Amino acid sequence: MKSSTASTQVSPVKLAFLALLSIILTNSCSDPASVGIELGPGNDQIGVFFEEFEFPAEVVLLDSFNTTNKGNLIVGVEEDDYFGRTEGTGYTRMYISTAAERPESEAFLDSMLFEVDVISVNGSNLDEPKLLSIHRLTEPILDTVYYNFDKLAYEESPIASGEFVFGEVKDTVVSMPVNEEFQEELFGKMKRGLEFEDIFKFREFLPGMAFKGREGDNTSFGIDLNEKTRIITYYHYAGDTVSTSYEINTTSSRYFNNVDSDRSNTPTSVVTEPGKNYSTGSTVGLKSGLGMMIRLDTSPLDSFLDTISGVTFNQVLLTFGEIEEFPEGQTPPSSLAMYYTDANNNFLQSKNTVYLTVQADGQSQVYTNEDGDVVPNVTAPASVRFDSETNTYSELITSHVNAVFRGQLTRRDWLIYGGYISSPVGINNDPFRESLRQFKVGSDKVKVQVIYSKIR
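Keep in mind that what you see is a predicted model, and the values were worked out from it rather than measured.

**Some words on the pattern of salt bridges**
According to the stated counting rule, one finds 21 salt bridges in the structure shown. Arg-93 is the partner of Asp-143 in a salt bridge, and the nearest nitrogen-oxygen pair spans 2.7 Å. With Asp-143 in the loop between strand E6 (130-136) and strand E7 (160-164) and Arg-93 in the loop between strand E4 (84-92) and strand E5 (108-123), this residue pair connects regions lying 50 residues apart in the sequence. Arg-295 is paired through a salt bridge with Asp-413; the nearest N and O atoms lie 2.8 Å apart. Of the two residues, Arg-295 sits in strand E16 (residues 292-296) while Asp-413 sits in strand E23 (residues 413-417), which places them 118 residues apart along the sequence. This pair shows no difference in class: Arg-295 is buried, exactly as Asp-413 is. When salt bridges with common partners are traced through the structure, they connect Arg-85, Glu-87, Lys-212, Glu-215 and Asp-260 into a single cluster.

Here it is as structure tokens:
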């Protein structure tokens, strides 16, 4: 069974859909392979029909995006025959409290450890050791905005590194010894140096750290920056029977992620410019961190709606999949959002800069604003959920299709994004920028299944 953080139960909505579809197929006297399956042919009161069509899918690379203080560090190297090689490197400052008691000049060093709060692990062969290394920066992290293409210089030799077997454990604090040379330097500054008198002098001495994974491990980590991700130093004085500790942690520290992508000799090698949509053959994919999204051409919905009139939509279901198999230990994104887009792959926004998305089924898709105009609703975004038992993503879009059919909404193409954000302003946590999670699906497996009825 594949590992997943998503629920493995089939939703009641999907069960209802399948039950209704089963009734239709069982009772229909027409050819089930034909387009439009009528329940009870000859019944002059009610006809129930089933129709299925595809949404053509391509991929779009998100333009360079801000990764400064966006949730957590993304660290590690993943390789894939579709996405190529993707490496995440996390950069962070360190923090000291000037009120904390420092070791005095006569203190003796017992040990120094670098502890890291790992909040997620995504990879293959997690019963084998995976390496995490931490490198001292040689240039400072500035008070500016850093993007996914930004990187800083760091020392080649790590100040700390360790191999860890995670297995089923994806949320843990790992600990590794700090190398002897750095221990001696850092402990000496703690005891006697001016570098620990204030945070600015400290940053001149220690600009920050770069967190890296290992080539070939095919694993990435999510690392939280807080009081648990720290350098902890144990020391004693002559005559002491227990050690005293002093810590340098990452609480309130500025950080960012660099994500490097080499898509050479893969289907996604054709993706060369951000913001443009590309066909990648028989497969499309979404990869978090890298910023690769799926664009859906929803024009087949217009073609379908033009053929019907006077109908009631019983259920309309959007499905992705089955998605392609993925190694045990890797987890696809748990949910997806459907953003309205234009011909240039921009996220469309309301007047108050909230992104426009397909709204949840059963919720109002539009509302009347203060100017008396009917505009898209933004308060209840739909979420396309992953089902690990069926290896599919699905979501009911009945209310959305009904609003398009009634002329309340203009049909738009969609950008499929790995999580939901409300706007480009003031967003700190963005699931799409907090991991390297991914999925691939056949480009012909993005389908819309419609059950509708009409009065004759």
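**Some thoughts on unusual backbone geometry**
Put simply, Gly-321 and Glu-322 share a cis peptide bond, and its omega is 20°. Tracing the chain through its elements places Glu-322 in the loop between strand E17 (311-321) and strand E18 (335-341). For Asn-69, which is not glycine, the phi dihedral falls at a positive 55°. A positive phi angle, close to 55°, is found at Asn-125, a residue other than glycine. By secondary structure assignment, the location of Asn-125 is in the loop between E5 and E6. Assessed through its relative accessible area of 44%, Asn-125 is described here as partly exposed.

**Section: the pairing of E23**
Most of E23 is tucked away: 5 of the 5 residues are buried. Side chains of E23 alternate between two faces, with Asp-413, Leu-415 and Tyr-417 and Trp-414 and Ile-416 buried alike. Across 3 bridges, E16 lies against E23 in antiparallel orientation. Paired with Leu-296 across the two strands is Trp-414, which belongs to E23.

Cut-offs applied
- Residues numbered from 1 in each chain as written.
- Predicted model: local features only at pLDDT ≥ 70, side-chain atom pairs only at ≥ 80, totals over all residues.
- Heavy atoms only, no water.
- Salt bridge = Lys/Arg side-chain N within 4 Å of Asp/Glu carboxyl O.
- Helix = DSSP H or I, 4+ residues; strand = E, 2+ residues; numbered from the N terminus.
- Buried < 20%, exposed > 50% of the residue type's maximum accessible area, 1.4 Å probe, protein only.
- Pairing = 2+ DSSP bridges.

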